[in-house]
Amino acid sequence: MSGAKKIHNQTEVGVVAPPQTVAIIMDGNGRWAAGRNLPVGDGHREGTRALRRTVEAAIDQGIAVLVVYAFSTENWERPPAEVATLMEILGETIDRELPDLALQGVRTRFLGRRDRVPSHLSEAMGELERSTAHLETLCLWIAFDHGGRDEIVDAARRLIEDGLASEEVDEAAIAARLNAPELPEIDLLIRTSGEFRISNFMIWETAYAEFVFTDTLWPDFDSEDLRSALQAFAARDRRFGGR
Ligand code: IPE
Ligand code: IPE
Ligand code: MG
């Protein structure tokens, strides 16, 4: 025997099992732009290039499910011109980037509210979901107008609408009424730009996620950043409250 200790995330010595579900809080677009004296929209546009690069890197690195936080329920508070630019960029991403990724087997799905984005965008979101539903290389979930609290409030409403008695309300009943019940819990959550907070992202689904924070601003994020986050994850000992 080699005497090497088997730890939770390693199948055998030196072979690292990738996390099933990886999420990224894609932060730092504004600072990236400000550092170059560019308008904030240029930072967001560069962010979509980083998204494409990261999805391709995730495929190469064996990730099956990737969730990205693109717009929070609080981001509506930003200046109207920035919000309008973000909506425009979502449209461009749906029209151009995501169909290119579909050619590489990427299924795209959206998390979050659909009732506040412009109707042409909610229609485009649904259309892209339908046209990529058969693809299996990687499932990309884009959290747009997502808020973890909003999602739980919505689940609570559905419990009532479904007529559950109080003794029928348990974790499974709530989980089944979240925005995407089929989405596995998050194993690894990466946040870029040196901020150490969750900013209302999937607060139910990250209950036992491993967190990796990097100073890299989102537009600069690349395959090496992803690799080093996966390495950090591989060294973690996940205990889930047990021994
Ligand atoms: C993340 O970048 C994108 C969104 C929140 C939509 P930011 O725009 O928050 O970038 P910083 O945090 O201001 O640098
Ligand atoms: C979180 O980033 C939302 C997204 C990355 C889409 P923010 O920049 O909005 O978060 P705070 O305001 O720094 O917490
Ligand atoms: Mg930010």
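Data block above holds the structure.
Residues numbered from 1 in each chain as written. Chains lettered and ligands numbered in written order. Predicted model: local features only at pLDDT ≥ 70, side-chain atom pairs only at ≥ 80, totals over all residues. Heavy atoms only, no water.

## Regarding unusual backbone geometry
Our working definition: Secondary structure counts use DSSP, requiring at least four H or I residues in a row for a helix and at least two E residues in a row for a strand, with both numbered from the N terminus. Exposed residues in this analysis have more than 50% of their type's maximum accessible area, buried residues have under 20%, and partly exposed residues fall in between, with area computed by a 1.4 Å probe over protein chains only.
In this structure, Asn 37 takes a positive phi of about 55 degrees despite not being glycine. The topology assignment puts Asn 37 in the loop between α1 (29-34) and α2 (40-60). A residue is classified by how much of its surface remains accessible, and Asn 37, at 73% relative accessible area, is exposed.

## Focus on the pattern of salt bridges
Note the following rule: Think of a salt bridge as a Lys or Arg side-chain nitrogen and an Asp or Glu carboxyl oxygen that are within 4 Å of each other.
Taken as a whole and assessed by the stated rule, the structure comprises 24 salt bridges. Here Asp 187 ties to Arg 238 by a salt bridge, and the two come within 3.1 Å at their closest N and O atoms. Here Asp 187 is found in the loop between α6 (171-175) and β7 (188-191), whereas its partner Arg 238 is found in the segment after α7 (223-234), with 51 residues between them in sequence. For Arg 238, a relative accessible area of 9% translates into the label buried. Through salt bridges with shared partners, one network takes in Asp 27, Arg 31, Arg 191, Glu 195 and Arg 197.

## Describing the packing of aromatic side chains
For any pair of aromatic rings, geometry is given as the distance between the ring centres together with the angle between the planes. We count it as follows: Centres within 6.5 Å make a pair out of two Phe, Tyr or Trp rings, where for Trp the six-membered ring is used; the pair is then stacked when the planes are under 30 degrees apart, edge-to-face when over 60, and tilted otherwise.
The full count for this structure, using the stated rule, is seven aromatic pairs. Taken together, a centroid distance of 5.0 Å and an interplanar angle of 75 degrees make the contact between Phe 71 and Trp 76 edge-to-face. According to the relative accessible area criterion, Phe 71 is buried, its value standing at 0%. Here the aromatic rings of Trp 218 and Phe 221 are separated by 5.1 Å at their centres, their planes lie at 25 degrees, and the arrangement is stacked. Aromatic ring contacts, followed pair by pair, group Phe 71, Trp 76 and Phe 144 into a single cluster.

## Describing the site of ligand 1
The line we're drawing: Working definition: residue near molecule or strand if any one of its non-hydrogen atoms lies within 4 Å of it. A 3.5 Å cut-off defines polar contacts: any pair of N or O atoms within that distance qualifies, except that in protein one atom must be a possible hydrogen donor and the other a possible acceptor, and neighbouring residues in sequence count only when both atoms are side-chain atoms. All accessible areas in this document rest on Shrake-Rupley with a 1.4 Å probe, and a residue is counted as covered only by the protein chains that are shown. Here the nonpolar group is Ala, Val, Leu, Ile, Met, Phe, Trp, Tyr, Cys and Pro; Asp, Glu, Lys and Arg are the charged ones; every other residue, Gly included, is treated as polar.
Around ligand 1 sit Met 26, Asp 27, Gly 28, Asn 29, Gly 30, Arg 31, His 44, Ala 70, Asn 75, Arg 78 and Leu 86, and that is every residue in its neighbourhood. Between ligand 1 and the protein, one listed contact pairs an oxygen atom with a backbone N or O atom of Asn 29 at 3.1 Å. Here an oxygen atom of ligand 1 and a backbone polar atom of Gly 30 are 2.9 Å apart. A total of 370 Å² of accessible area belongs to ligand 1 in isolation, and the protein chains cover 82% of it. Sort the elements by how many residues they give to the shell around ligand 1 and α1 lands first, with three residues. In terms of residue class, the shell around ligand 1 is built from three nonpolar, five polar and three charged.

## A word on α2
In plain terms, the rule: What a helix is expected to span follows from its residue count: subtract one and scale by 1.5 Å.
Here α2 contains 21 residues, and its C-alpha end-to-end distance of 30 Å stays within 8% of the 30 Å for a straight helix at 1.5 Å per residue. Burial in α2 covers these residues: Gly 41, Gly 43, His 44, Glu 46, Gly 47, Thr 48, Ala 50, Leu 51, Thr 54, Val 55, Ala 57 and Ala 58. Directly after α2, the chain includes Gly 62, whose backbone phi takes a positive value near 80 degrees.

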